[in-house]
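# A closer look at the structure
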Amino acid sequence: MRQPAPDFTTAFLATLGVLLFMGLLTAAALWGWAGVVFGALGFDRIAQPLARRARC
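What you are looking at is a predicted structure, and each value in this text was computed from that prediction instead of being measured.

Here is what the cut-offs are and how they apply
- Residues numbered from 1 in each chain as written.
- Predicted model: local features only at pLDDT ≥ 70, side-chain atom pairs only at ≥ 80, totals over all residues.
- Heavy atoms only, no water.
- Helix = DSSP H or I, 4+ residues; strand = E, 2+ residues; numbered from the N terminus.
- Rg over C-alpha atoms; globule rule 2.2 N^0.38 Å.
- Buried < 20%, exposed > 50% of the residue type's maximum accessible area, 1.4 Å probe, protein only.
- Areas by Shrake-Rupley, 256 points an atom, 1.4 Å probe, with all protein chains shown as cover.
- Expected span 1.5 Å × (residues − 1).
- Bend = angle between axes of the 7 residues up to and from the residue.

### What to know about the overall build of the protein chain
- Each helix and strand in the protein chain was counted, giving one helix and zero strands.
- Taken over C-alpha atoms, the radius of gyration comes to 25 Å for the protein chain, far larger than the 10 Å a tight globule of 56 residues would show.
- Projected onto its principal axes, the C-alpha coordinates of the protein chain cover approximately 90 × 10 × 10 Å.
- Taking all 56 residues of the protein chain together, the buried fraction comes to 0%.
- For the protein chain, the exposed area adds up to about 5,600 Å²; of that, 74% sits on carbon and sulfur atoms.

Have a look at this one:
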């Protein structure tokens, strides 16, 4: 008679939780970088006309 398969449910759920956390952390880091880049571009768009006006 064969032995029953071991129950890896707890190990799977723990690993899934770690991978999900790492994925969400990576997405948040990438979104943060994108926010910084778009914020800098937006600030540059606002600052250019002001700088032109100040030079004249």
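Right, picking up where we left off after that structure.
### Remarks on helix α1 (residues 9-55)
- Between the first and last C-alpha of α1 there are 68 Å, a value that for 47 residues agrees with the 69 Å anticipated at 1.5 Å per step.
- A bend of about 25 degrees at Ala47 is the largest found in α1, and the proline Pro49 appears one to four places after it.

### Topic: the environment of Phe43
- Tracing the chain through its elements places Phe43 in helix α1.
- Classification of Phe43 by relative accessible area gives exposed; the value is 59%.
- Sequence-wise, Phe43 and Ala5 are 38 residues apart; in three dimensions their C-alpha atoms are separated by 60 Å.

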